[in-house]
Amino acid sequence: MSTVGLPTYDVFVLSGGGAKGAYGAGAAKALAVSREKKGVRHPICFVGASAGALNAAILASYQPDEFLQAADELLKFWREANNRNILGNWIPWQKFQFFKANMLNWIPCVGRRPFYVYSNAALRKLIESKTKRLAEAIQAQDTEHHLIVAVTDYTEGSLKAFYYSPTFAKCVDYDRLFANPKTSPDPKKKPRLDHCHLLGANILVDVLLASAAIPVFFPPVKIGSNLYIDGGVGNNTPTREAAYFFRYIEERKWGVMGQAYCVLLDEPRRRQDELNTDRLLGIVQRTLDIYHYVHMKPIISAWSRINHEVDEHRDRLLELLQWAEDQGWGPSMVAALDQKIKAKNGLWDLGGIAARVSAPLRVVEPSMSLGDTLNFSPASIKRNIETGYLDMLKAIYPQDDKGNRNREYDDLKEKPI
């Protein structure tokens, strides 16, 4: 089936990390100005966890041709971020907040609540104000918005995802055909997206608040009958959903794969460079940083490995076709072999619930430390935005063999953010 006329989709995966999310905002601005310079207007499916989920939601609030405006709105959000409107306190001293949290647990009327250091009331108010546009689009069933949010189901102890995307909805519906072996198109295959649930406008704020609910620091959020926490606990770099989005649109001819961009977290700093890592909140924060990082590496490696396997497999098949031609097979026989190889469910595709594909991936990894998860100081936010901007440009315009980059890189790196 021809792909002419089918929409091309990019995917943009944004990791979490509290205040480190400002890095993703800088990366988004770099991607936006690059697309603007190239005249790229095709849609993006935004996938995020924790702070990355909030980044993704703000970006997904706008139409594909408004991506530059969306990136500027995200930068505005991070430049206005501070301890008061994120953590809900005027006193940033963690010892005071920890003392207050302990005292509240001793008060009989509230003592049975889940333990947390910071209330999420201020963050809820902020999310509500920044996602009104997206909530209205979801309510109107606008087809030009694509968002997937990773959360962790604290009640069931499993990874979940909530989505709003007409295209991804088709992927989920198709995937569910494999849930019942008696009616499945292929009883050997199993569903891979059964953890995904439709995101309604009525639960948008709760889902984003849950995805950002860092354990101990923020309270879990109740959605339906279950409690949910930080999406980063289940998967801080949710590439799985992005990968299946690409695989299914490729297999079912619902669209054409564009480029995948994945914004990662920084490597945990050496312990002796950290402050207060022997105290309770420091231990929790560092444990999460290490967990996110070591969990992230095999996920990204798996994507690259699949790309390599698919490319290597198809190179061998092309060598087979060339061999047949070198052996003197006539054009009709070579064409018949080519048709057999590339037929549906033929040798061209590797197996699985969806044929594995080589999906272009650009990984954006911090070139310097992004600081502490809860450091919302203006200086730290500014530094992380600038670092994310330059690191994304370097990913978009890699060096050639001589160490040079595209002229566009030189133009854009000097552009005011």
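Refer to the structure presented above.
Residues numbered from 1 in each chain as written. Predicted model: local features only at pLDDT ≥ 70, side-chain atom pairs only at ≥ 80, totals over all residues. Heavy atoms only, no water.

Some details on the environment of Arg-407
To keep things clear, this is the line we draw: Numbering of helices and strands runs from the N terminus; a helix is a DSSP stretch of H or I covering at least four residues, while a strand is a stretch of E covering at least two.
With respect to the secondary-structure elements, Arg-407 resides in helix 15 (residues 407-413). Put simply, Arg-407 and Tyr-397 are 10 residues apart on the chain and 9.0 Å apart in space, counted from C-alpha to C-alpha.

Section: the packing of aromatic side chains
Note the cut-off: Any two rings among Phe, Tyr and Trp, with Trp reduced to its six-membered ring, count as a pair given centres within 6.5 Å; such a pair is stacked if its planes are under 30 degrees apart, edge-to-face if over 60, and tilted if neither. Between buried and exposed lies partly exposed: a residue is buried under 20% and exposed over 50% of the maximum accessible area for its type, with that area taken using a 1.4 Å probe on protein chains only.
Per the stated rule, a full pass over the model turns up 16 aromatic pairs. A ring pair is formed by Phe-162 and Tyr-228, whose centres lie 5.9 Å apart and whose planes are at 70°; its orientation type is edge-to-face. Residue Phe-162 is located in strand 4 (residues 158-164), and its partner Tyr-228 is located in strand 7 (residues 226-229); the two are separated by 66 residues in the primary sequence. With respect to burial, Phe-162 and Tyr-228 carry one shared label: buried. Seen from their ring centres, Tyr-174 and Trp-254 are 6.3 Å apart, and the 85° between their planes marks the pair as edge-to-face. With Tyr-174 in helix 8 (residues 166-175) and Trp-254 in the loop between helix 11 (239-252) and strand 8 (256-263), this residue pair connects regions lying 80 residues apart in the sequence.

So, the pairing of strand 2 (residues 44-49)
The criterion, for reference: Should DSSP find at least two bridges between two strands, the strands are regarded as paired. When the strands point away from the viewer and the connection leading from the first strand across the helix to the second strand turns clockwise, the crossover is called right-handed.
For strand 2, the buried fraction is high: six of the six residues fall into the buried class. Because side chains alternate across strand 2, one face comprises the buried residues Ile-44, Phe-46 and Gly-48, and the other comprises Cys-45, Val-47 and Ala-49, equally buried. Pairing of strand 1 (residues 8-14) with strand 2, which is carried by five bridges, proceeds in the parallel orientation. What sits directly across from Val-11, in strand 2, is Cys-45. Of the crossover connections in this fold, the one passing from strand 1 over helix 1 (residues 21-38) to the parallel strand 2 is right-handed. Pairing geometry for strand 2 and strand 3 (residues 147-153), over four bridges, is parallel. Residue pairing in the sheet places Gly-48 in a bridge with Val-149 of strand 3.

Describing the pairing of strand 8
Walk down a regular strand and you will see the side chains alternate between the two sheet faces. Among the eight residues of strand 8, seven are classified as buried, and the element is accordingly described as predominantly covered. Bridge count for strand 1 against strand 8 is six bridges, and the pairing is parallel. Residue pairing for strand 8: Tyr-9 is matched across the bridge by Met-257. As paired strands, strand 8 and strand 9 (residues 361-364) are joined by four bridges and run parallel to one another. Bridge pairing links Ala-260 to Leu-361 in strand 9.

Details of the packing of helix 2 (residues 51-60) against helix 3 (residues 67-80)
Heads up, the condition is: A fitted line through C-alpha atoms represents every axis, and for helices the fit uses only the stretch in contact; the resulting angles, taken between N-to-C directions, go from 0 to 180 degrees. Working rule for angles: under 35 degrees goes down as roughly parallel, over 145 as roughly antiparallel, 65 to 115 as roughly perpendicular, anything else as oblique. Handedness of a crossing is defined here by the sense of rotation of the near helix relative to the far one, left-handed for an anticlockwise turn of less than a right angle and right-handed for a clockwise turn. Only heavy atoms enter the contact rule, under which two residues are in contact if any of them lie within 4.5 Å.
In contact at an axis separation of 8 Å, helix 2 and helix 3 are set at 140° when each is read in the N-to-C sense. In terms of orientation, helix 2 lies oblique with respect to helix 3. When the axes of helix 2 and helix 3 are compared, the crossing they make is right-handed. Across the interface between the two elements, Ala-51, Leu-54, Asn-55, Ile-58 and Leu-59 from helix 2 touch Phe-67, Ala-70, Ala-71, Glu-73, Leu-74, Phe-77 and Trp-78 from helix 3.

Topic: the pattern of salt bridges
For clarity, the threshold we go by: Any Lys or Arg side-chain nitrogen located within 4 Å of an Asp or Glu carboxyl oxygen qualifies as a salt bridge.
Here the structure, examined in full by the defined rule, presents 11 salt bridges. Between Arg-35 and Asp-10 there is a salt bridge; the shortest N-O distance is 3.0 Å. Here Asp-10 lies in strand 1 and Arg-35 lies in helix 1, a separation of 25 residues in the sequence. Each member of the pair Arg-35 and Asp-10 is classed as buried. Two residues, Lys-29 and Asp-72, come together in a salt bridge whose shortest N-O distance is 2.9 Å. With a gap of 43 residues between them, Lys-29 in helix 1 and Asp-72 in helix 3 connect regions that are remote in the sequence. Lys-29 gets classed as buried once you look at its relative accessible area, which sits at 6%. Here Asp-72 falls in the partly exposed class, since its relative accessible area comes to 37%. Within the structure, one salt-bridge network assembled from shared partners comprises Glu-73, Glu-80 and Lys-130.

Details of unusual backbone geometry
Positive phi outside glycine occurs at Ser-50, with the angle close to 55°. By the secondary structure assignment, Ser-50 is in the loop between strand 2 and helix 2. Using a relative accessible area of 2% as the deciding quantity, one classes Ser-50 as buried. With a phi angle near 80°, Val-216 is a residue other than glycine that sits in the positive phi range. Along the chain, Val-216 falls in the loop between helix 9 (204-211) and strand 6 (221-223).

Concerning helix 7 (residues 132-139)
Let me state the cut-off plainly: Here, the arc refers to the directions that run from the helix axis to the C-beta atoms.
Every buried residue of helix 7 is accounted for by Leu-134, Ala-137 and Ile-138. Looking straight down helix 7, one finds that the buried residues subtend no more than 100° of arc, so they occupy a single side. For helix 7, the exposed residues lying more than 90 degrees away from the buried face are Lys-132, Glu-136 and Gln-139. Buried positions along helix 7 lie against helix 2, strand 3, strand 4 and helix 9. Gln-141 lies just past helix 7 and shows a positive phi near 55°.

Some words on helix 9
Since the α-helix turns once every 3.6 residues, residues separated by three or four places project in the same direction. The buried fraction of helix 9 amounts to eight of the eight residues, a majority that puts the element mostly inside the structure. Listing the buried residues of helix 9 in full gives Leu-204, Val-205, Asp-206, Val-207, Leu-208, Leu-209, Ala-210 and Ser-211.

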